Amino acid sequence: MAVKVVDAEGKELAPTTAEKARRLLAQGKAELVSREPFVIRLPYTVELPERLEPEPLPGIGKRILLHICCGPCATYTVQRLREQGFAVVGFWYNPNIHPWQEHEQRRESAAKLAQEIDLPVIWYGRYEMPQFLRLVVGREKPGQRCALCYRMRLERTAQMATQGRFDAFTTTLLISPHQDQQLIHRESMAARYGVGFYFENFRRGWGERGRLTRQHDLYRQQYCGCIYSEWERYNGRSVEVLL
Ligand code: SF4
């Protein structure tokens, strides 16, 4: 039986057991308030810590534009952003995915997920593969080309977010342990267009991403996206050896 405990001012404290209450009474360390219900009073006041208000969710009342690199990476990221209170709209823009058929397979997988989770998506109309290749030519080393690749996609996302009057933008790239989070963050700073980048370490949801990907039966790509990454994936060496 739990016994109610109050301090000298009548403030209710954590309850105790009947055995402990009887011991305190016997030792003169508490006085009996009533037997039915069993209540004891301590002879001193206890300062209780102030009850902390829960932190407000960062996304309440905000619209966020989410750059989507592929269906699997969008699974957990959308779920997490919604839990944070954001109204999420997806944005598809990936001129770095080669060849075209691979781009289409990933885009269709993202569309399947969007339909299943009721996610509105803005599909960028142009496949800017030539612009991507022009951008990275001569700078094909992994770190160099990836920085440019992030910037290109984030810049377009930021531009769309500004046009659509979103409160923030972010990217599913942040969930992948194969991507460079610090570099993504740095490039997002340069790509702002007056709208804030929402950074969160979505990697904690990597395991959940796997589970959700299987649940939605989504296509899983075998390499990052560009022709260089495809060569590296199947050759096992950095493209630097070709330069
Ligand atoms: S490896 Fe991935 S991130 Fe780097 S340039 Fe290629 S597609 Fe972009």
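That block above? That's the structure.
Everything numeric in this text was worked out from a predicted model, so none of it was measured. (Residues numbered from 1 in each chain as written. Predicted model: local features only at pLDDT ≥ 70, side-chain atom pairs only at ≥ 80, totals over all residues. Heavy atoms only, no water.)

Trainee: I'm lost on helix α5 (residues 142-163) in this one. Help?
Mentor: Owing to its 3.6 residues per turn, the α-helix brings residues three or four apart onto one side. Look at α5: 32 Å from first C-alpha to last across 22 residues, which is about the 32 Å you get at 1.5 Å a residue. Taken together, the buried positions of α5 are occupied by Arg145, Ala147, Cys149, Tyr150, Met152, Arg153, Leu154, Arg156, Thr157, Ala158, Met160 and Ala161. Backbone geometry just downstream of α5 places Arg165 in the positive-phi region, at approximately 55°. (Helix = DSSP H or I, 4+ residues; strand = E, 2+ residues; numbered from the N terminus. Expected span 1.5 Å × (residues − 1). Buried < 20%, exposed > 50% of the residue type's maximum accessible area, 1.4 Å probe, protein only.)

Trainee: Even after reading the chapter, I still don't get the sheet that holds strand β1 (residues 2-6), so can you show me in this structure?
Mentor: By definition, the strands of a sheet pair up through backbone hydrogen bonds, in either a parallel or an antiparallel sense. The four strands lie next to each other as β2-β1-β4-β3, forming an open sheet whose pairing is mixed. On the outer flanks of this sheet lie β2 (16-17) and β3 (31-34), each paired with one strand and no other. When β1 meets strand β4 (residues 39-41), the two strands line up parallel, connected through three bridges. Within β4, the residue paired with Val5 across the bridge is Ile40. (Pairing = 2+ DSSP bridges.)

Trainee: Please clarify how the pairing of β1 should be interpreted in this entry.
Mentor: Within a regular beta strand, the side chains point alternately toward one face of the sheet and then the other, so they alternate between its two faces. In this sheet, β2 lies alongside β1 in antiparallel orientation, the contact comprising two bridges. Bridge pairing in β2 places Ala2 opposite Thr17.

Trainee: I keep staring at the side chain of Ser188 and nothing clicks. Help me out?
Mentor: Looking at the secondary structure, you find Ser188 in helix α6 (residues 181-190). Look at Ser188 and you get buried, because its relative accessible area is 0%. Contact partners of Ser188, with chain neighbours within four places excluded, come to Leu154, Phe169 and Phe197. (Contact = heavy atoms within 4.5 Å.)

Trainee: Teacher, can you tell me more about the packing of helix α2 (residues 71-83) against helix α7 (residues 206-216) here?
Mentor: Helix packing for two helices is described by the angle between their axes and how far apart those axes are. In contact at an axis separation of 8 Å, α2 and α7 are set at 115° when each is read in the N-to-C sense. Judged on the interaxial angle alone, α7 and α2 are roughly perpendicular. Relative to α7, α2 is oriented so that their crossing is right-handed. On the side of α2, the interface is formed by Pro72, Cys73, Thr75, Tyr76 and Gln79, while α7 contributes Glu208, Arg209, Leu212 and Thr213. Its residues assigned to classes, the contact of α2 with α7 shows four nonpolar, three polar and two charged. (Axes fitted to C-alpha atoms, helices over the stretch in contact; angles between N-to-C directions. Parallel < 35°, antiparallel > 145°, perpendicular 65-115°, else oblique. Left-handed = near helix turned anticlockwise from the far one by under 90°. Nonpolar A, V, L, I, M, F, W, Y, C, P; charged D, E, K, R; others polar.)

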